[in-house]
Amino acid sequence: MATDDTPRFPWTGIAPAEWLRTWQAMWRMAPDNLAQSILQGWTFNINSGNSTAPRTELAVVTKHSYGRQIGRMSDALELLIEERHGKTPEDKRFSDFLTMKREIDKVKQDAAAARIERIVKDLALLKAQDQEQYVRLRDALREALK
């Protein structure tokens, strides 16, 4: 017997409870941990220690990421605050929320602008190196922008 009096398998030295946890973990349908990046440098983890239903939560975030969920709730809350208190509410909690929401929206707008600028550069590259591809994609963009 080990000094801590925990029964162990003699051929491995592993406690039966630990062995069982290892095998259960190997055969679960959902992972013990799910890490989903929301913003660069931010990660939320789902595991059996912080979720009462990790498989359900995994199914939900597979369909709607945390970022999408928070974004839609923020959009709805912004609308409700502005309908009830206007664009500059007196309550600091509401005004702080709207300030944060506007800052987040600005980050999203800047990221969208950067993506479009990347497209412009990519089109210039295609124009110089693959005229046929350039014309096809230019025309597709023109059609999409009508």
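Structural notes, computed from the coordinates. (Residues numbered from 1 in each chain as written. Predicted model: local features only at pLDDT ≥ 70, side-chain atom pairs only at ≥ 80, totals over all residues. Heavy atoms only, no water.)

## Let's talk about the overall build of the protein chain
When helices and strands are counted, the protein chain shows five helices and two strands. Counting over 146 residues, the protein chain shows a buried share of 12%. Within the protein chain, counting contacts between residues at least 6 apart in sequence, those at least 24 apart form 19% of the total. Summing over all exposed atoms, the protein chain offers an accessible surface of approximately 12000 Å²; the carbon and sulfur share of this is 59%. (Helix = DSSP H or I, 4+ residues; strand = E, 2+ residues; numbered from the N terminus. Buried < 20%, exposed > 50% of the residue type's maximum accessible area, 1.4 Å probe, protein only. Contact = heavy atoms within 4.5 Å. Areas by Shrake-Rupley, 256 points an atom, 1.4 Å probe, with all protein chains shown as cover.)

## Quick word on the packing of helix 3 (residues 66-85) against helix 4 (residues 92-129)
Across the interface, helix 3 lies against helix 4 with an axial gap of 10 Å and an inter-helix angle of 135°. Classed by the angle they form, the pair helix 3 and helix 4 counts as oblique. Read as a crossing pair, helix 3 and helix 4 show a hand that is left-handed. In this structure, helix 3 contributes Ser74, Asp75, Leu77, Glu78, Ile81, Glu82 and His85 to the contact, and helix 4 contributes Phe94, Phe97, Leu98, Lys101, Arg102 and Asp105. (Axes fitted to C-alpha atoms, helices over the stretch in contact; angles between N-to-C directions. Parallel < 35°, antiparallel > 145°, perpendicular 65-115°, else oblique. Left-handed = near helix turned anticlockwise from the far one by under 90°.)

## Concerning the packing of helix 2 (residues 54-63) against helix 3
Close contact between helix 2 and helix 3 brings their axes to 7 Å; oriented N to C, the two are set at 70°. Here helix 3 runs roughly perpendicular to helix 2, going by the angle between their axes. Contact residues: helix 2 offers Glu57, Val60, Val61 and Lys63, while helix 3 offers Tyr66, Arg68 and Gln69. Looking at side-chain class alone, the contact of helix 2 with helix 3 contains three nonpolar, one polar and three charged residues. (Nonpolar A, V, L, I, M, F, W, Y, C, P; charged D, E, K, R; others polar.)

## Some remarks on the side chain of Lys101
Looking at the element boundaries, Lys101 is found in helix 4. Given a relative accessible area of 4%, Lys101 falls into the buried group. If we skip the residues at most four places from it in the chain, Lys101 touches Ser74, Asp75 and Glu78.

## Topic: the pattern of salt bridges
Scanning the entire structure with this criterion turns up eleven salt bridges. Note that Arg118 and Asp122 form a salt bridge whose closest N and O atoms lie 2.8 Å from each other. Residue Arg118 and its partner Asp122 are located together in helix 4, separated by four residues, close to a single helical turn. When its relative accessible area of 44% is taken as the criterion, Arg118 is described as partly exposed. Between Arg138 and Asp139 there is a salt bridge whose closest N-O contact spans 3.0 Å. Using a relative accessible area of 36% as the deciding quantity, one classes Asp139 as partly exposed. Each of Asp75, Glu78, Lys101 and Asp105 takes part in a single network of salt bridges with overlapping partners. (Salt bridge = Lys/Arg side-chain N within 4 Å of Asp/Glu carboxyl O.)

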